[in-house]
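What follows is each chain in one-letter form.
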Protein chains: 2
Amino acid sequence: MTERKNIAIMGAGLVGSLLSLYLAKHGHKVDLYERRADLRVSTIDGGRSINLALSDRGWRALKGLGIEEEVRKVAIPMYGRMMHDEQGNLTHQPYGKEGQAIYSVSRGGLNMALMNLSEPNQDITYHFNRQATDVNLRTNEVQLRNVETGNTETIQPDLLFGADGAYSVVRGAMQKAERFDYQQSYLEYGYKELTIPATADGGWAIEKNALHIWPRGNYMMIALPNPDGSFTCTLFFPYDGEHSFAAIQDKNDLLAFFNKVFPDAVPLMPELAQEYFENPVGALVTVKCFPWSYKGTSLLIGDASHAVVPFYGQGMNAGFEDITVLDQMLQQFEGDDWEALFKAFERRRKPNADAIADLAVLNFEEMRDKVADPRFLLRKKIENKISAQYPDKWIPLYTMVTFTDLPYSYALETGQKQDKIMKKVMRHIKSLEDYDKPEVQQLLEKQLVQKEKLTPFRG
Amino acid sequence: MTERKNIAIMGAGLVGSLLSLYLAKHGHKVDLYERRADLRVSTIDGGRSINLALSDRGWRALKGLGIEEEVRKVAIPMYGRMMHDEQGNLTHQPYGKEGQAIYSVSRGGLNMALMNLSEPNQDITYHFNRQATDVNLRTNEVQLRNVETGNTETIQPDLLFGADGAYSVVRGAMQKAERFDYQQSYLEYGYKELTIPATADGGWAIEKNALHIWPRGNYMMIALPNPDGSFTCTLFFPYDGEHSFAAIQDKNDLLAFFNKVFPDAVPLMPELAQEYFENPVGALVTVKCFPWSYKGTSLLIGDASHAVVPFYGQGMNAGFEDITVLDQMLQQFEGDDWEALFKAFERRRKPNADAIADLAVLNFEEMRDKVADPRFLLRKKIENKISAQYPDKWIPLYTMVTFTDLPYSYALETGQKQDKIMKKVMRHIKSLEDYDKPEVQQLLEKQLVQKEKLTPFRG
């Protein structure tokens, strides 16, 4: 066990709150500083949450503290995508094998659960309404302003963790230090949250155990179920152009457009117009940077070091996996060389953070466009057959990302190789039955001889 | 002519100073605010200048104001690269055709010349020692601190130009606005300035009219001539590793290393050790961002919007070309829609700024490594033969960038196509004479039929 440290975590969101539990487990004293008020006594920002899809990497981090069953109670399994076409016809595509699911959870609900689990720990203290106004990396001093009273204070922890999200103040200080690589890029799309409320009898108006998608080529709407019978819908829509936020100026524009392209959803959305014009348009940013640490005194984690767009449902899961990896490293950690620890951590995680950022952007295209294409759905079925026939040589990309702990960078690279093989295979496929044709089987055998066995390493 | 505006330019460097002259020509009142003291009355920062290579794009902007002859007096033509190997043997490679040259100029000297030309203009006022501490893009207010007196003032111009360089404060404000794409990336190399002084009789110790390179694979030194007989040398060197700034700890390390790898230069550098340990290590950053403007009130220009590494000698030239393009647009400009003007400007320049940034990084490899390779030099000669034989179909990449006003993006794309053809051609080439072999001539004819005629557009 290493020396006990006074640790400050900036940001008491999902990653900050979970991290506090792990650091306390390793014997450290932890203070969390959060700009916003306590979620549990105050209403949260409305209309900007995007429901979260908890998958294997996220569960693993919760399991490491024995709290996964607590969370499972408020999580709704989604076993596949349910596509809605412009006539309201439905098509279902499973995410994985029988029983494999991603889980819809509310960001606020999960955050409160983590706070409630950590606050009784006498080594963990939450400080709300504290805005970091200045970070001095060299002295590790942070100036905080109490947004309720206007008072300021300065803290000087032994170690500073920046879990303060995509617009991290700690990262802002690093950006001014020497030789900090940094990139922020925005999609030409924004998002807006809408609601399908519960039915009169408290049930779900559409299939409960699915992630619903209305794919429309250049834009899409999705819906995730909530425990109270409602669905949180998110419209991903261009800022400008023929069909865009800019093109919808009033209620008439809105209803004409929604009735045309989402006709089966409109009757289920009684507050559509009010929500549309009241809720803000959220921006979709990807952030990449390096390094993630400054000497042995501060470290970025979660969105602060690798904010991704939401289309792979992996933002929170990647942040939680950061914590799992850090925990593994802390279990091996001896002595007091935090600089070496932080450097080893950032070197190990950076390629994976880059990979999931790129995968998330690529998956937007798949969700808004390809899932409406019968050829694409046939290809997914063929791929499932390959994976069933060659289980030690082929795991579909989505499965690697969502249902394993294979490194994201390995998943991306392997997925690209598999994509090339799929393109060759699909030239011979007109229907699912064609999978058994000799030329398809011979092609697969030839291709898969060249392909290495899967899962050469984990990390 | 459009309405006369009060314009503030942040930064009175090369781009800011030249821009002031063009804006005044278009009838506007211009104030320049510069953090540093007046170069003409105070010594400049030592050891961080990198001599500049003025080429066609830069000359064009000077010519537009009729000031090119003034500058030519203090500029030294460099007709080619002079390579120094580890035994001190020399190889010369011309930059272009007979008479084509890039010109070594001193940053400080050129800046002073531009200030002296603009200051008598009653519409142009310089304000030195003014540091911008805050920029409010919505109100166009800039807070300035006088670094001599400590006094602060707030200005509110009609239009604000950010010509404040790679670490632009105006860009910093834009980065906090909505949906601003931004990227800063550093090479793993730093640079250090050294000197070869004039000989006792005031002459140049090595060939005056060349850019000298000591290419050593993973690192290099270059030297550019000055009018006083001296050369400004720049060592481009890894921060870490076997041969690196980190590996040279004292004078013994330094001399052992320099005597081994730059033996012909050491006797010419009497102050080597002192300069090496006194001069700072400069960082090599590339900055890309978009948009470059905020509404119709502020615009980034030069390094502020597109800082590049120095290896193509195009940083200043690209900034000056920004001004040429803006001038062309202002000549067509009617009415008062500066937002549309700024948007048209950034759309036109952005692909070219990205291209020269990428070309500059690629050219580092060429300079430090490939120019020492006889095969590479043979290839350059073969390429010159192709260009002479097919002048309307082939301009070498370096020539397009340096001696034409073809868009950088077009040069990059065409250069990549030509590179593919050169690879095919060089399979048949062992010596310069092989160029006339029938299979080479047939290959070229076949390849060049597919290739479009050059210069389809300019911009």
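Just so we're clear, the structure is a prediction, and the values are computed from it rather than from any experiment. (Residues numbered from 1 in each chain as written. Chains lettered and ligands numbered in written order. Predicted model: local features only at pLDDT ≥ 70, side-chain atom pairs only at ≥ 80, totals over all residues. Heavy atoms only, no water.)

## What to know about the packing of aromatic side chains
All names here are of chain A. The following threshold applies: Pairing of aromatic rings covers Phe, Tyr and Trp, the last through its six-membered ring, and needs centres within 6.5 Å; plane angles under 30 degrees mean stacked, over 60 mean edge-to-face, and all others mean tilted. A run of DSSP states H or I qualifies as a helix once it reaches four residues; a run of E qualifies as a strand once it reaches two. Both are numbered from the N-terminal end. The cut-offs for exposure are 20% and 50% of the maximum accessible area for each residue type, with area from a 1.4 Å probe on protein chains only; residues under the lower value are buried, those over the upper are exposed, and the others partly exposed.
Enumeration according to the criterion identifies 51 aromatic pairs over all chains in this entry. Both rings, one in Phe-236 and one in Phe-311, keep their centres 4.8 Å apart while their planes meet at 65°; by these two values the pair is edge-to-face. Linking Phe-236 in strand 16 (residues 231–238) with Phe-311 in the loop between helix 8 (303–306) and helix 9 (315–332), this pair joins segments that are 75 residues apart in sequence. Residue classification places Phe-236 among the buried residues on the basis of a relative accessible area of 2%. The buried category is assigned to Phe-311, whose relative accessible area is 3%. Through pairs of rings, three or more aromatic residues link up here, namely Tyr-219, Phe-237, Tyr-239, Phe-245, Phe-257, Phe-258, Phe-262, Tyr-276 and Phe-277.

## Brief notes about the interface of chain B and chain A
As a reminder of what qualifies: Contacts were defined at the residue level, with two residues in contact if any of their heavy atoms lie within 4.5 Å. Note on definitions: buried area is the accessible-area loss of two parts on being combined, 1.4 Å probe, summed for both. Here, a salt bridge means any Lys or Arg side-chain nitrogen found within 4 Å of an Asp or Glu carboxyl oxygen. Counted as a polar contact is a pair of N or O atoms within 3.5 Å, where, for protein atoms, one must be capable of donating a hydrogen and the other of accepting one, and residues adjacent in sequence contribute only when both atoms are in side chains. A pair of strands is labelled paired if DSSP reports no fewer than 2 bridges between them.
On the side of chain A, 12 residues touch chain B, which itself brings 12 residues to the contact. In this assembly, chain B packs against chain A so that about 1,400 Å² is buried in total across both faces, 38% of it on carbon and sulfur atoms. Area buried by chain B at its contact with chain A is led by Arg-179, Gln-184 and Tyr-186 of chain B, which between them contribute 45% of it. Joining chain B to chain A, the criterion identifies zero salt bridges. At the boundary of chain B with chain A, the tally comes to nine residue pairs in polar contact (both at pLDDT 80 or more). Ranked by residues supplied to the side of chain B that touches chain A, first place goes to strand 13 (residues 181–196) of chain B with seven residues. In this structure, strand 13 (residues 181–196) of chain A lies alongside strand 13 of chain B, joined through three bridges in antiparallel fashion. Along strand 13 of chain B, the bridge assignment pairs Tyr-182 of chain A with Gln-184 of chain B.

## Description of the nonpolar core
What counts is decided by this rule: The nonpolar core is taken to be a set of buried Ala, Val, Leu, Ile, Met, Phe, Trp, Tyr and Cys residues, with the residues joined through side-chain atoms within 4.5 Å.
In terms of nonpolar packing, the biggest core is built from 152 residues, with Phe-161 of chain A together with Phe-161 of chain B touching the most fellow members. Residue contacts for Phe-161 of chain A: discarding those within four places in its chain leaves Ile-7, Ala-8, Ile-9, Met-10, Leu-19, Leu-23, Leu-299, Leu-326 and Phe-342 of chain A.

## Let's talk about the sheet that holds strand 19 (residues 298–300) of chain B
All names here are of chain B. Rules: Structural elements are reduced to axes, namely lines fitted to C-alpha atoms, with helices fitted over the stretch in contact, and the angle between N-to-C directions of any two is expressed from 0 to 180 degrees.
With mixed pairing, the six strands of this open sheet are ordered in space as 8-2-1-12-19-18. The sheet is open, and its two borders are formed by strand 8 (124–127) and strand 18 (293–294), each paired with just one other strand. Here strand 18 pairs with strand 19 via two bridges, running antiparallel. Opposite Ser-293, over in strand 19, you have Leu-299 as the bridge partner. The strands touched by helix 5 (residues 169–176) are strand 1 (6–10), strand 12 (159–162), strand 18 and strand 19; relative to strand 19, the strand with the most contacts, the crossing angle is about 110°.

## A look at the sheet that holds strand 7 (residues 102–105) of chain A
Residue and element names in this part refer to chain A. Taking strand neighbours across the sheet as the criterion, the three strands line up as 3-7-4 in an open arrangement whose pairing is antiparallel. Because the sheet does not close on itself, it has two edges, and the strands there are strand 3 (52–54) and strand 4 (76–78). The average angle at which neighbouring strand axes cross in this sheet is 40°, direction not considered.

## A look at the pairing of strand 6 (residues 90–94) of chain A
Residues and elements named next belong to chain A. Looking at chain direction, strand 5 (residues 80–84) and strand 6 are connected through five bridges and run antiparallel. Residue pairing in the sheet places Met-82 in a bridge with His-92 of strand 6. Once strand 5 ends, the chain turns through five residues before running back antiparallel as strand 6, passing Gly-88 with a positive phi of about 85°.

## Some points on the domain arrangement of chain A
Residue and element names in this part refer to chain A. Rules: An automatic or database domain assignment supplies the residue ranges for each domain. Under the convention adopted here, Pro, Cys and the residues Ala, Val, Leu, Ile, Met, Phe, Trp and Tyr are nonpolar, Asp, Glu, Lys and Arg are charged, and Gly plus all remaining residues are polar.
Taken domain by domain, chain A consists of domain 1 (6–43 + 107–184 + 286–364) and domain 2 (373–450). Measuring from the centre of the C-alpha atoms in domain 1 to the corresponding centre in domain 2 gives 37 Å. Contacts between domain 1 and domain 2 engage 11 residues on the former and nine residues on the latter. Between domain 1 and domain 2 lies a buried interface of about 930 Å² when both sides are counted; carbon and sulfur atoms form 64% of it. Counting every contact that joins domain 1 to domain 2 gives zero salt bridges. Between domain 1 and domain 2 we count three residue pairs in polar contact (both at pLDDT 80 or more) in total. Breaking the side of domain 1 that touches domain 2 down by element, the ones donating at least two residues are helix 9 and helix 10 (338–368). Broken down by element, the side of domain 1 that touches domain 2 gets its largest block of residues, six residues, from helix 10. Considered class by class, the residues forming the side of domain 1 that touches domain 2 number six nonpolar, three polar and two charged.

## Overview of the environment of Gly-202 of chain B
Residue and element names in this part refer to chain B. Here Gly-202 lies in the loop between strand 13 and strand 14 (211–215). Remark: the alpha-carbon pair of Gly-202 and Ser-42, spanning 160 residues in sequence, is separated by 25 Å. Residues within four places of Gly-202 in sequence aside, it is in contact with Asp-228 and Gly-229.

## Here we look at the relation of the copies chain B and chain A
Note that the two copies of the chain are related through a rotation about an axis and a translation along the same axis. What counts, and what does not: Residues reaching a pLDDT of at least 70 in both copies supply the C-alpha atoms on which the copies are superposed by least squares.
Superposing chain B onto chain A takes a rotation of 180° combined with a translation of 0.0 Å along the rotation axis, leaving an RMSD of 0.0 Å. In short, the pair behaves as if placed about a two-fold rotation axis. The rotation axis passes nearest to the C-alpha of Gln-183 of chain B in chain B, at a distance of 2.1 Å.

## Quick look at a positive patch on the surface
Residue and element names in this part refer to chain A. Heads up, the rule is: Like charges are joined within 9 Å and nonpolar side chains (Val, Leu, Ile, Met, Phe, Trp, Tyr) within 5 Å, but only among residues with over 30% relative accessible area and no salt bridge; these make up the patches. All accessible areas in this document rest on Shrake-Rupley with a 1.4 Å probe, and a residue is counted as covered only by the protein chains that are shown. Think of it this way: Lys and Arg go in the positive column, Asp and Glu in the negative one, and His and the chain ends go nowhere. The location of each charge is read from NZ of Lys, CZ of Arg, CG of Asp or CD of Glu.
On the surface, a cluster of positive charge is contributed by Lys-420, Lys-424, Arg-427 and Lys-446. When you line up the elements, Lys-420 lands in helix 13 (residues 408–426). For Lys-420, a relative accessible area of 61% puts it in the exposed group.

## Overview of the UniProt feature "domain: FAD-binding" (unreviewed entry) in chain A
The test is simple: UniProt positions are given in the numbering used here, feature names are shortened, and annotations may be inferred rather than shown by experiment.
The UniProt record annotates "domain: FAD-binding" (unreviewed entry) at residues 7–175 and 295–358 of chain A. Its end C-alpha atoms 28 Å apart, residues 295–358 of chain A is made of 67% helix and 5% strand.

## Thoughts on the pattern of salt bridges
Residues and elements named next belong to chain A. Counted by the stated rule, this structure contains 44 salt bridges over all chains. For Arg-130, the salt bridge identified is with Glu-153, shortest N-O distance 2.9 Å. Taken together, the positions of Arg-130 in strand 9 (residues 130–136) and Glu-153 in strand 11 (residues 152–155) put the pair 23 residues apart, joining distant regions of the chain. Among the residues examined, Glu-153 registers a relative accessible area of 33% and is labelled partly exposed. Through salt bridges that share partners, Arg-57, Glu-321, Asp-322 and Arg-349 make up one connected network.

## Notes on the UniProt feature "transmembrane region" (unreviewed entry) in chain A
UniProt records the feature "transmembrane region" (unreviewed entry) at residues 7–24 of chain A, using the numbering of this structure. The span residues 7–24 of chain A is 61% helical and 22% strand by assignment, and the distance between its end C-alpha atoms comes to 9 Å.

## What about the pairing of strand 16 of chain A?
Residue and element names in this part refer to chain A. A large share of strand 16 lies buried, amounting to eight of its eight residues. Residue alternation in strand 16 divides its side chains into two sets, Phe-231, Cys-233, Leu-235 and Phe-237 and Thr-232, Thr-234, Phe-236 and Pro-238, and both sets are buried. With eight bridges joining them, strand 13 and strand 16 adopt antiparallel strand pairing. Considered in strand 16, the bridge of Lys-192 is made with Leu-235. In the sheet, strand 15 (residues 220–225) pairs with strand 16 via six bridges, with the strands oriented antiparallel. If you follow Met-220 over to strand 16, its bridge partner there is Phe-236. In this structure, the hairpin formed by strand 15 and strand 16 is closed by a connection of five residues, where Gly-229 is found at a positive phi of approximately 95°.

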